[in-house]
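# What the coordinates show
This is what each chain is made of:
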Amino acid sequence: MNLNWNEVNAAVTWRDNYWVAVGHSTNAMASKTTGTYALVGARYPINDTWRVEGTLARYFLDSAYAKSYTHGSVGVVWAFKAPFEARLTLHGTDSATKQLFPGMAGSRAEFAIQASF
């Protein structure tokens, strides 16, 4: 599967803790048909160095693949030394994702170190 395509995205954040995002493509997942992506997210600061984050998203691909799919994540972030953070995130997808992307969908964990400048 060729996963090379373009999307136009927009996001709105409220009080640095909540966000919504929408994306649209005229060539969703290189299918030559349209697709729209919608996401909501939230973060909850526990203290100055720890926070919890979560997202829930849906990719509307009915015209491309006859199925749309949903995915979500929940994670914990440790801001151990500015500008560096460590994050552990759990990702999950629905059964439609597993049908669209056999072997690539499902639940998984991600660990990352990141820096923001």
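Summarised in this report is the structure supplied together with it. Each chain has its residues counted from 1, running along the sequence as written. It should be noted that, the model being predicted, local features are given only for residues of pLDDT at least 70 and side-chain atom pairs only at 80 or more, the latter also being counted only at that level, while totals for whole chains, interfaces and linings use all residues. Calculation of side-chain values draws on the structure's entire complement of heavy atoms; hydrogens and water are dropped beforehand.

## Focus on the overall build of the chain
Let me state the cut-off plainly: Helix and strand definitions follow DSSP, with helices as H or I runs of at least four residues and strands as E runs of at least two, each counted in order from the N terminus. Exposure categories follow from relative accessible area, calculated using a 1.4 Å probe and restricted to protein chains: below 20% of the type maximum is buried, above 50% is exposed, and the middle band is partly exposed. Only heavy atoms matter for contacts: two residues are in contact if any of them lie within 4.5 Å across the pair. Residue exposure ignores everything except the shown protein chains as possible cover, and the areas themselves are Shrake-Rupley values with a 1.4 Å probe. His is not counted, nor are the chain ends, whereas Lys and Arg count as positive and Asp and Glu as negative. To locate a charge, the coordinates of NZ of Lys, CZ of Arg, CG of Asp or CD of Glu are taken.
Scanning the chain from N- to C-terminus turns up 2 helices and 7 strands. Its helices and strands in sequence order give the chain the pattern β-β-β-β-α-β-β-α-β, from N to C terminus. With respect to the principal axes defined by its C-alpha atoms, the chain has extents near 45 × 30 × 20 Å. The burial tally for the chain puts 28% of its 117 residues in the buried class. Partitioning the contacts of the chain with sequence separation of at least 6, the portion at a separation of at least 24 is 36%. Total accessible area on the chain stands at roughly 7700 Å², and carbon and sulfur atoms take up 60% of it. One way to put it: in the chain the 10 positive side-chain charges average out to a point 4 Å from where the 8 negative ones average out.

## Comments concerning the packing of aromatic side chains
Which entries qualify depends on this criterion: Centre distance within 6.5 Å is the pairing criterion for rings of Phe, Tyr and Trp, where only the six-membered ring of Trp is used; planes under 30 degrees apart are then read as stacked, over 60 as edge-to-face, and the remainder as tilted.
Overall, the coordinates contain 6 aromatic pairs when judged by the stated rule. Ring centres of W14 and Y18 lie 5.7 Å apart, and the angle between their planes is 35 degrees; on these two criteria the pair is classed as tilted. Under the relative-accessibility criterion, Y18 is labelled partly exposed at 41%. On the basis of an interplanar angle of 45 degrees and a centroid distance of 5.9 Å, the ring pair of Y59 and Y69 is categorised as tilted. Of this pair, Y59 sits in strand β4 (residues 50–60) while Y69 sits in strand β5 (residues 69–81), and the two are 10 residues apart along the sequence. Here Y59 and Y69 have matching classes, each one buried.

## As for the side chain of T97
Tracing the backbone shows T97 in helix α2 (residues 95–100). On the basis of relative accessible area, T97 is assigned to the buried category, the value being 4%. Leave out the neighbours within four places in its chain, and T97 touches Y69, T70 and A105.

## As for the environment of D16
Mapped onto the secondary structure, D16 falls in the loop between β1 (8–14) and β2 (18–25). Taking the C-alpha atoms as reference, D16 lies 21 Å from L90; in sequence the two are 74 residues apart.

## Some points on the sheet that holds strand β3 (residues 35–45)
Put simply, the test is: Strands qualify as paired when DSSP identifies two bridges or more between them. Helix axes are fitted to C-alpha atoms over the stretch in contact, other axes to C-alpha atoms as well, and angles between N-to-C directions run from 0 to 180 degrees.
Pairing is antiparallel in the open sheet, where 7 strands are placed in the order β1-β2-β3-β4-β5-β6-β7. Two strands close off the open sheet at either side, each with one partner strand: β1 and β7 (108–115). Averaged over all pairs of adjacent strands, the angle between strand axes in this sheet comes to 15 degrees, irrespective of strand direction. Alignment of β1 against β2, held across 7 bridges, turns out to be antiparallel. Looking at the pairing, T13 lines up with W19 of β2.

## Considering the nonpolar core
To keep it simple, the criterion reads: The term nonpolar core refers to a set of buried residues drawn from Ala, Val, Leu, Ile, Met, Phe, Trp, Tyr and Cys, joined through side-chain atoms within 4.5 Å.
Residues M29, Y37, L39, Y59, L61, Y69 and F101 are the most contacted members of the largest nonpolar core, which totals 13 residues. Every element with two or more residues in this core is listed here: β2, β3, β4 and α2.

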